[in-house]
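Coordinates in review
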Amino acid sequence: MKPRFVLVALSTLSLVACGDGQADSKNQQAVDALIKKTKDELVRVEGGTFQMGDFGPIDPNLKGSDKGLPYSADQDNKPLHEVTLDTFYMSPTKVTYADYDVYTQATGKDKINSTNEFEMQFRQDNVPAGVDWYQAKDYCDWLAKETSLPFALPTEAQWEYAARSGGKFIPYGTSTGTLEKGKSIPTEEDVSKATNAGDLTSAAPYPVKLYPPNPLGLYQMGDNGYAWVLDWYQAGYYHDSPKNNPQGPMQGEDKVVRGLPHGEGWGGSLTMERYHRKPDLIASDGDKETAAPYTFRCVVNAKAVK
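Residues numbered from 1 in each chain as written. Predicted model: local features only at pLDDT ≥ 70, side-chain atom pairs only at ≥ 80, totals over all residues. Heavy atoms only, no water.

**Thoughts on the layout of surface pockets**
For the largest pocket, the calculated volume is near 170 Å³. Lining the largest pocket are 16 residues, and of these F122, A203, P261, A292 and P293 lie nearest its centre. (1 Å grid on protein atoms, 1.4 Å probe; cavity = no way out; pocket = protein on both sides within 12 Å on 5 of 7 lines; lining within 4 Å. Points joined across faces, edges and corners; volume = space filled by probe spheres on them.)

**Considering the confidence of the model for the chain**
With 90% of its residues at a pLDDT of 70 or more, the chain shows a mean pLDDT of 89. In the model, residues 1–17 has pLDDT below 50 throughout and makes zero contacts with residues more than four positions away in sequence or in other chains. (pLDDT = per-residue confidence, 0-100. Contact = heavy atoms within 4.5 Å.)

**Considering the sheet that holds strand β9 (residues 294–295)**
Paired through their backbone hydrogen bonds, the strands of a sheet run either parallel or antiparallel. Spatial strand order, β8-β7-β6-β9: four strands in an open sheet with mixed pairing. Where the open sheet ends on each side, the last strands, each with one partner, are β8 (275–277) and β9. Two strands pair when backbone bridges link them, and strand β7 (residues 255–258) and β8 are joined in this way by three bridges, in the antiparallel orientation. Counterpart to V257 in the pairing with β8 is Y275. (Pairing = 2+ DSSP bridges. Helix = DSSP H or I, 4+ residues; strand = E, 2+ residues; numbered from the N terminus.)

**Details of helix α2 (residues 97–107)**
Of all the positions in α2, only Y97, D99, Y100, D101, V102, Y103 and T104 are classed as buried. Looking one or two places after α2, you find G108, whose phi comes out positive at around 75°. (Buried < 20%, exposed > 50% of the residue type's maximum accessible area, 1.4 Å probe, protein only.)

**Looking at the sheet that holds strand β10 (residues 299–300)**
On the basis of which strands lie adjacent, the open sheet formed by four strands has the order β1-β4-β10-β5 and antiparallel pairing. Sheet topology places β1 (43–45) and β5 (151–152) at the edges, where each strand pairs with a single neighbour. Here strand β4 (residues 88–90) pairs with β10 via two bridges, running antiparallel. Note that in β10 the partner of Y89 across the bridge is V300. Docked against the sheet, helix α5 (residues 156–163) engages β1, β4 and β10, running at close to 70° with respect to β4. (Axes fitted to C-alpha atoms, helices over the stretch in contact; angles between N-to-C directions.)

Next up, the structure:
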């Protein structure tokens, strides 16, 4: 009987090993598919020089009583200053939960926003993943390692330049350059039909390709969630920002975020608006803000990718 027991044990171990191998193969297939999709969909953003910040005073499209006035009273997007950027490539959409789940599965990390009841209401495969800055950076770093390409979070200069379709005088990063519910941004009914958030529809993220992209082919450049960028935040940085490929201050306490979440009365932010948050979303009193409305996409800082 003893030899028989050994054979049964070995057979069981073989089945377990086979199961693990199948799971590993499936995980690798998911990684390969994500990498291929990410590389194939990259949008080339041709480098150039533009006026970064609140361009209201020089916007040739403004007429009448608005001519020469700033778009916002906020001082964080002033003064207007000239910036020159090299060519880069940007992901057309924000990273979705489906994308991020492939990454966490491949790296053995916990699935994000899957235990907190509030955050779980916003979790859906095709909506932007809600993360803190470190989680966003880690994902882009993982793409860089997997592809041997310089993936990274975009700088805020890259983000604004892309949102403005190459630095043009475009106030909103939508398909029309305006906020038109039902045309360039969703109505609440659109979001309600596309998500599972129930009573929280007015605050829910919506699918990344629900409405057309901006003229460059980039979706949701300014709405459907705050967008993390690479830069540390510093008040008055625009006064001293270098002209060529600015990277932000060397250090700081907060990171810059661009854009706004979807919500009732919120359509999206101006392409020059900028805000800031703690990278780990932990406030000074020790409480952590929900990551659900904080989103991101990656760029490749290279002139030739494909």
